[in-house]
Structures are given as C-alpha cells and as structure tokens.
Amino acid sequence: GLAPGNGAFVRLLQELTGLTPTVAGKPHIPLFDLAATTIEGRVLMLGDRLDTDIEGANSYGLESGWVETGVHTINDVINAPVSQRPTFLVSDLSGLFRNQRQVVVDLDGSRCGEAQAKFVNGQLTLLKRGATREDDLRAVTALGWHIRDVGGFEGEVNATLDV
C-alpha cells in the first residue's frame, strides 16, 4: 500500500521478503505520473529538498522551485549536481508572487536586478543587495553554477549573502 516517507521500513520488508517494491515517492516517476493525470495547465514542483522535490521534477521534465526556508541551504543549491538544480529560487512562499529577474554573468561576477555578486579567493560574495531576496539568491547561484560548470572549479563553492 501507500507509505510516504517510509524508506527504511520498505528496505526492511525488501530484505525480509526478497521482493523489490515499486517505489512511487519523490524523486521517482510514478508519483509525477499520477500527479500529471490530475493537474491541468502549467505545473511547478515546489520544494525545499534538492534530492527529492527538485530532482524528481527535473527527471519528469517539470519546472521546479526551491524554497529557502527548508532542509537545503543556498550553498547546497550552488553545489548541487545539474539533476538537482531548480528552475526558480524563492526565499519563502510569498516569493511565488515576485518576478524572477534575468541574471547576467560575466567576467566581473553576476547581476540580478540590483543584486551583484563576485567570486574572490574561493568565496562567492554578495556585494550589493537586490530589491528582493530572490534577486540575491539568483545572483549568487547563477555565478556559482557558472564557476562550477564553465570555469571548471572543482571545490565546494560557498556564498556569503551578508552585505
């Protein structure tokens, strides 16, 4: 039957019975298949966990939104593999009603609206706050992903959002 959030118990039953269950919870496709049959229009998977909410949405081809108020931090988002990177970043649920401005990344750093970030000595730093927390998050994240993907930086990238 249905047993969300019960991975350890499912594993125990698998060991005892020798049977392999069909897993339907996030990030596995059956859950998204079921949801897709009941939802009309544009779908956004919103969550705070990169390894379940965001990865599940990405594997199904949905847009995803990471919420800062949960399990994973902005540094987790910056260092996430491509399969766990969200489409949108929101500081809290009210961020769903704010625009997600375009981010510009260049040799000097990144800008999102008025927010400005720079990478110096292995540290991502927000130099200037934007009009919204989402601008700040997007500026540092886009620069972090650029440093990792294009710049070939292999270490962990950490961001400071205190200006």
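See the structure printed just above.
Counting of residues starts from 1 at the beginning of each chain's written sequence and follows it residue by residue. The predicted origin of the model limits local features to residues at a pLDDT of at least 70 and limits the giving and counting of side-chain atom pairs to 80 or more, whereas totals for whole chains, interfaces and linings rest on all residues. Side-chain descriptors were evaluated using all non-hydrogen atoms of the structure, hydrogens and water having been removed beforehand.

1. Things to note about the sheet that holds strand β4 (residues 103–106)
Put simply, the rule reads: Two strands qualify as a pair provided DSSP detects at least 2 bridges between them. Under the scheme used here, helices are H or I runs from DSSP no shorter than 4 residues and strands are E runs no shorter than 2 residues, and both carry numbers assigned from the N terminus. Axes here mean lines fitted to C-alpha atoms, for a helix over just the part in contact, with angles spanning 0 to 180 degrees between N-to-C directions.
Strand order in this open sheet of 5 strands is β4-β5-β6-β7-β8, and the pairing throughout is mixed. Sheet topology places β4 and β8 (158–160) at the edges, where each strand pairs with a single neighbour. Direction aside, neighbouring strands of the sheet carry axes that sit 20° apart on average. Across 3 bridges, the pairing between strand β5 (residues 109–112) and strand β6 (residues 115–120) is antiparallel.

2. Topic: the packing of aromatic side chains
Test applied: Whether two aromatic rings pair depends on their centres lying within 6.5 Å, for rings of Phe, Tyr and Trp, where Trp uses its six-membered ring; planes under 30 degrees apart make the pair stacked, over 60 edge-to-face, and the rest tilted. Working definition: with a 1.4 Å probe on protein chains only, accessible area under 20% of the residue-type maximum means buried, over 50% means exposed, and in between means partly exposed.
In the structure shown here, the tally under the stated rule is 1 aromatic pair. Summarising the aromatic geometry, the rings of phenylalanine 119 and phenylalanine 153 are spaced 5.3 Å apart at their centres and angled 80° between planes, so their arrangement reads as edge-to-face. You can see phenylalanine 119 sitting in strand β6 and its partner phenylalanine 153 sitting in the loop between α5 (133–149) and β8, a full 34 residues away along the chain. Here phenylalanine 119 falls in the partly exposed class, since its relative accessible area comes to 26%. In this structure phenylalanine 153 comes out as partly exposed when scored by relative accessible area, which is 29%.

3. Thoughts on the packing of helix α2 (residues 29–38) against helix α3 (residues 50–60)
Short version of the rule: Geometric relationships in this document are graded by angle, where less than 35 degrees denotes roughly parallel, more than 145 denotes roughly antiparallel, 65 to 115 denotes roughly perpendicular, and other angles denote oblique. Crossing handedness is defined as follows: a turn of the near helix away from the far one that is anticlockwise and smaller than a right angle gives a left-handed crossing, while the clockwise case is right-handed. Should any heavy atoms of two residues lie within 4.5 Å, those residues are considered in contact. Residue classes follow a fixed rule: Ala, Val, Leu, Ile, Met, Phe, Trp, Tyr, Cys and Pro count as nonpolar, while Asp, Glu, Lys and Arg count as charged, and any other residue, Gly among them, counts as polar.
It is the contact of α2 with α3, at a shortest axis distance of 10 Å, that shows an interaxial angle of 70°. Regarding the angle of α2 to α3, the classification is roughly perpendicular. For the crossing formed where α2 meets α3, the hand is right-handed. Counted together, Ile29, Phe32, Asp33 and Ala36 of α2 and Asp53, Gly56, Ala57, Ser59 and Tyr60 of α3 form the full contact between these two elements. In the contact of α2 with α3, the residues fall into 5 nonpolar, 2 polar and 2 charged.

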